[in-house]
Number of protein chains: 2
Amino acid sequence: MELDLAADPVTLTRHLVDIESVSHHEGPIADAVEAALRRCGHLEVVRRGHTIVARTRLGRPERVVIAGHLDTVPVNGNLPSRLDEEAGILHGLGTCDMKGGDAVLLHLAATLPEPNRDLTFVLYDGEEVASVHNGLRKLAESEPDLLAADFAILMEPSDGVVEAGCQGTLRVEVRTRGERAHSARSWRGVNAIHAAGEVLARLAAYEPRQPVIDGLRYHEGLNAVRIRGGVAGNVVPDECVVEVNHRFAPDRSEAEALAFVRDFFDGFEVELTDTAPGAMPGLDRPAARAFLAAVGGVANPKFGWTDVARFTVLGVPAVNFGPGDPLFAHKADEHVPIAQIRHCEQVLRSWLTAPLPEGPGA
Amino acid sequence: MELDLAADPVTLTRHLVDIESVSHHEGPIADAVEAALRRCGHLEVVRRGHTIVARTRLGRPERVVIAGHLDTVPVNGNLPSRLDEEAGILHGLGTCDMKGGDAVLLHLAATLPEPNRDLTFVLYDGEEVASVHNGLRKLAESEPDLLAADFAILMEPSDGVVEAGCQGTLRVEVRTRGERAHSARSWRGVNAIHAAGEVLARLAAYEPRQPVIDGLRYHEGLNAVRIRGGVAGNVVPDECVVEVNHRFAPDRSEAEALAFVRDFFDGFEVELTDTAPGAMPGLDRPAARAFLAAVGGVANPKFGWTDVARFTVLGVPAVNFGPGDPLFAHKADEHVPIAQIRHCEQVLRSWLTAPLPEGPGA
């Protein structure tokens, strides 16, 4: 399917949603996006794997990155998209996280040949899986110049309100061990799955921290996201692995968060498998302040880890601003209000076409 | 490799062990066994799938089935076989369960052209997995005449002592459900893996029954043999499944055992996936008494489910009698004392060559 980026952003959102793009399978959507961007004469386009960068080269005094990921979590009976015109809601996998935001981004890329700031549009793969697969991470490490900017906006769902900072995330495997035996003489073995009951009991009793930072209240989490164990239907199993995802507020470093998790599972084997730092809200920075003022002055905390943290590491102030209530991300009934798609598009269009204020980053 | 059935049974055991034959992959060992049996002119051989039946047709007044399964549980760093000559121990996957018994069976098949009773040798596949795959079950259902006999001996490991009866086995899936959510906002979902903690806690607290039947003390068991759950590394999972194996003494029917399990997991979803009945010891039957007397008069209870129960259903009295301590079945350090292989072979050879006692089944 050929994508029409000039179509209205709601129609474009539907088209993007209906190109299935579960993590590790972003090839078709990346092909479609790349082809459509290459048809825009005012953009310079490069592709790395399934990550696409499209830039204006107007010599403006400021450059802004606008970015979104192309992948989704696994299908959950929620494709293709379904438009409820009466309620003004678009349903389907990725409508909220984050093809509504991608559609706004792509529509602006195609229809703003002369913005007031130079723009770098980034569409990337592998955001919903371990960070080793993250296309933006790869780009930040291999070609950071492609991401150089004065400010960055991630189109992650934020209910059309600026969300600042983000929580960190880490994953560990908590492992119990036992001793195999034939299940008919189970008293001669030690059941590793039974031993994992205590791991799950601790998780069920977990009480999250909710620290307030720069006036924003964060909310941590500690969840088993996968569990596996077993050898055969008649063998007492000698190993059980609980994969745990910890989300931690940005006042804790990755090392501090890991220390908390190790202490929480004291007595069990804990192996770190994936980690990414949080980002402090950064609302004191000039570029963030300017954008925040332009869109109404209100900011919320970001609970989900987003690639805002990668821009923080590169020294680029960044915020989340996109259509969709993040509470519906990754749920079977994922959806986005079409009014929010239009709102985000209009706010950004105004900000990118108004005369620049005096002085850089004002 | 061509099997030499006339070789001594210990050497033959090694050869059988070194043909890897994990359940669902019995083709190569069945091919080798079939070819070797077909070289014995005194046997009539038929093959059904990976199950082989070889029979004498001497018109004797009694017929005895001698049976063994060809498959093993998964490899656990215990292949190929290793002979410790000094200790008189053969190590390796299947040495105990049950290629030592298979070797005795095959050696007798090849070297007893004129036994005192007609013999039916059965080697079959799919015993270590769900009963739907069991080659003996399939044969009992499709061609029960092939298994017609006055008595049956299963060469399952029994420490070279007659083991009578067997415990039943059933498997259920115990399922917990939750609601998916992004793990960054986990308080909006319900974690199904955390909910499985209570299932594992009950299992850890289980107290087994140990009823005494015909003077034999049985020992029940209730074990998680597998656990699975999880959608993606950043999703609160909406389902967790604990596969539980219950071993029950032969004084309970399958229906009674299932009722116990349902009650044990009261409040959770319980789905039956596999069931096989136990077998009462049956030591009061004439044929069982005669064999028991011939081998010394001692019997133990059988804890593991064995295909003895299938013969019980066909009306054929049956016992377990084979080399190897069943406590080492399915363990990484599985092994068999070579003296037990020789003992079983000699006991059976004597019983099958001595003059028959007066009267059938005396």
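All figures in this text were calculated on a predicted structure; none of them were measured in a lab.

A. Structural context of the overall build of chain A. Regarding its fold elements, chain A presents ten helices and 19 strands. For 362 residues, the compact-globule estimate of 2.2 N^0.38 gives 21 Å, and chain A sits close to it at 22 Å. Expressed as lengths along the three principal axes of its C-alpha atoms, the size of chain A is roughly 75 × 45 × 45 Å. Burial analysis of chain A (362 residues in total) assigns 60% to the buried set. Considering only contacts in chain A between residues 6 or more positions apart, those separated by 24 or more positions represent 77%.

B. Here's a closer look at the interface of chain A and chain B. Taken together, the contact between chain A and chain B spans 56 residues of the former and 56 residues of the latter. Summing the contributions of chain A and of chain B, the shared interface buries around 4700 Å²; its carbon and sulfur component is 56%. Linking chain A with chain B are two salt bridges, by the criterion used here. Measuring nitrogen to oxygen at the nearest pair gives 3.2 Å for the salt bridge that ties Glu179(A) to Lys331(B). Among the secondary structure elements, those contributing two or more residues to the side of chain A that touches chain B are β10 (181-182), α5 (192-195), α6 (197-204), β13 (221-230), β14 (235-236) and β15 (239-248) of chain A. For the side of chain A that touches chain B, a count of residues per class yields 25 nonpolar, 18 polar and 13 charged. Bridging between β13(A) and strand β13 (residues 221-230) of chain B involves five bridges; their strand directions are antiparallel. When the bridges of β13(B) are listed, Arg228(A) appears paired with Arg228(B).

C. Representation of the relation of the copies chain A and chain B. Expressed as a screw operation, the relation of chain A to chain B combines 0.0 Å of axial shift with a rotation of 180 degrees, fitting to an RMSD of 0.1 Å. Here the two chains are linked by the operation of a two-fold rotation axis. Most of the interface of chain A is mirrored in chain B, where 100% of its interface residues again form contacts.

D. Expanded view of the environment of Leu283(B). Residues and elements named next belong to chain B. Note that Leu283 resides in the loop between β16 (269-276) and α8 (286-294). C-alpha of Leu283 to C-alpha of Gly165: the two residues are 118 residues apart in sequence and 8.5 Å apart in space. Discounting residues that sit within four places of it in the chain, Leu283 has contacts with Ala164, Asp214, Leu216, Arg289, Leu292 and Ala299.

E. Main features of the sheet that holds β13(B). Strand order in this open sheet of eight strands is β16(A)-β9(A)-β15(A)-β13(A)-β13(B)-β15(B)-β9(B)-β16(B), and the pairing throughout is antiparallel. Here the strands that pair on one side only, and so sit at the sheet edges, are β16 (269-276) of chain A together with β16 of chain B. Taken over all neighbouring pairs, the strand axes of this sheet differ in orientation by 25 degrees on average, direction set aside. With ten bridges connecting them, strand β9 (residues 168-177) of chain B and strand β15 (residues 239-248) of chain B associate as antiparallel partners. Bridging from a neighbouring strand, Arg171(B) pairs with Asn245(B) of β15(B).

F. Representation of the packing of helix α3 (residues 95-111) of chain A against helix α10 (residues 338-353) of chain A. Residues and elements named next belong to chain A. At a closest axis distance of 10 Å, the pairing of α3 and α10 adopts a crossing angle of 40 degrees. Crossing hand, α3 versus α10: right-handed. Contacts from Gly100, Val104, His107, Leu108 and Thr111 of α3 reach α10 at Ile341, Cys344, Glu345, Leu348 and Arg349. Split into classes, the residues belonging to the contact of α3 with α10 amount to five nonpolar, three polar and two charged.

G. How the structure looks around the sheet that holds strand β19 (residues 335-337) of chain B. All names here are of chain B. With antiparallel pairing, three strands are arranged side by side in an open sheet as β4-β5-β19. Two strands bound the open sheet, and with one partner strand each, they are β4 (82-84) and β19. Ignoring strand direction, the axes of neighbouring strands in this sheet form an average angle of 20 degrees. Pairing of β4 with strand β5 (residues 89-91), which is carried by three bridges, proceeds in the antiparallel orientation. Its bridge partner lying in β5, Leu83 is registered against Leu90. On the sheet, helix α3 (residues 95-111) packs against β5 and β19 and is oriented at approximately 50 degrees with respect to β19.

H. Here's a closer look at the domain arrangement of chain A. All names here are of chain A. As far as domains go, chain A holds domain 1 (9-166 + 279-353) and domain 2 (173-276). For domain 1 and domain 2, the distance between their C-alpha centres works out to 33 Å. Taken residue by residue, the interface counts 17 residues in domain 1 and twelve residues in domain 2. Buried area between domain 1 and domain 2, both sides added, is near 1000 Å², and the carbon and sulfur share of it is 63%. There are zero salt bridges connecting domain 1 and domain 2. Applying the counting rule to domain 1 against domain 2 returns two residue pairs in polar contact (both at pLDDT 80 or more). Top contributing element to the side of domain 1 that touches domain 2 by residue count: strand β17 (residues 299-301), with three residues. Classifying every residue of the side of domain 1 that touches domain 2 gives eleven nonpolar, five polar and one charged.

I. Spotlight on unusual backbone geometry. With omega at -5 degrees, the peptide bond leading from Leu79(A) into Pro80(A) counts as cis. With respect to the helices and strands, the residue Pro80(A) is situated in the loop between β3 (63-69) and β4 (82-84). In the segment running from Asp97(B) into Met98(B), the intervening peptide bond is cis, with an omega of 0 degrees. The residue Met98(B) is located in helix α3 in this model. The backbone of Asp159(B) sits at a positive phi, close to 60 degrees, despite the residue not being glycine.

J. Inspection of the state of the cysteines at higher detail. In this structure the tally under the stated criterion is zero disulfides over all chains. The closest cysteine sulfur to the non-disulfide-bonded Cys344(B) is located on Cys96(B), 11 Å from its own sulfur.

K. Fine view of the packing of helix α1 (residues 9-17) of chain A against α10(A). Residues and elements named next belong to chain A. Running from N to C, α1 and α10 cross one another at 115 degrees; their axes reach a closest spacing of 9 Å. The orientation of α1 relative to α10 falls into the category roughly perpendicular. For the element pair α1 and α10, the recorded crossing hand is right-handed. Facing α1, whose interface residues are Pro9, Val10 and Thr13, α10 presents Ile338, Ile341, Arg342 and Glu345. Residues that form the contact of α1 with α10 fall into these classes: four nonpolar, one polar and two charged.

Definitions and limits used
Residues numbered from 1 in each chain as written. Chains lettered and ligands numbered in written order. Predicted model: local features only at pLDDT ≥ 70, side-chain atom pairs only at ≥ 80, totals over all residues. Heavy atoms only, no water. Helix = DSSP H or I, 4+ residues; strand = E, 2+ residues; numbered from the N terminus. Rg over C-alpha atoms; globule rule 2.2 N^0.38 Å. Buried < 20%, exposed > 50% of the residue type's maximum accessible area, 1.4 Å probe, protein only. Contact = heavy atoms within 4.5 Å. Buried area = accessible area lost by both parts, 1.4 Å probe. Salt bridge = Lys/Arg side-chain N within 4 Å of Asp/Glu carboxyl O. Nonpolar A, V, L, I, M, F, W, Y, C, P; charged D, E, K, R; others polar. Pairing = 2+ DSSP bridges. Least-squares fit on C-alpha atoms with pLDDT ≥ 70 in both. Axes fitted to C-alpha atoms, helices over the stretch in contact; angles between N-to-C directions. Left-handed = near helix turned anticlockwise from the far one by under 90°. Domains from an automatic or database assignment. Polar contact = N/O pair within 3.5 Å; in protein donor to acceptor, adjacent residues only side chain to side chain. Disulfide = S-S within 2.5 Å. Parallel < 35°, antiparallel > 145°, perpendicular 65-115°, else oblique.

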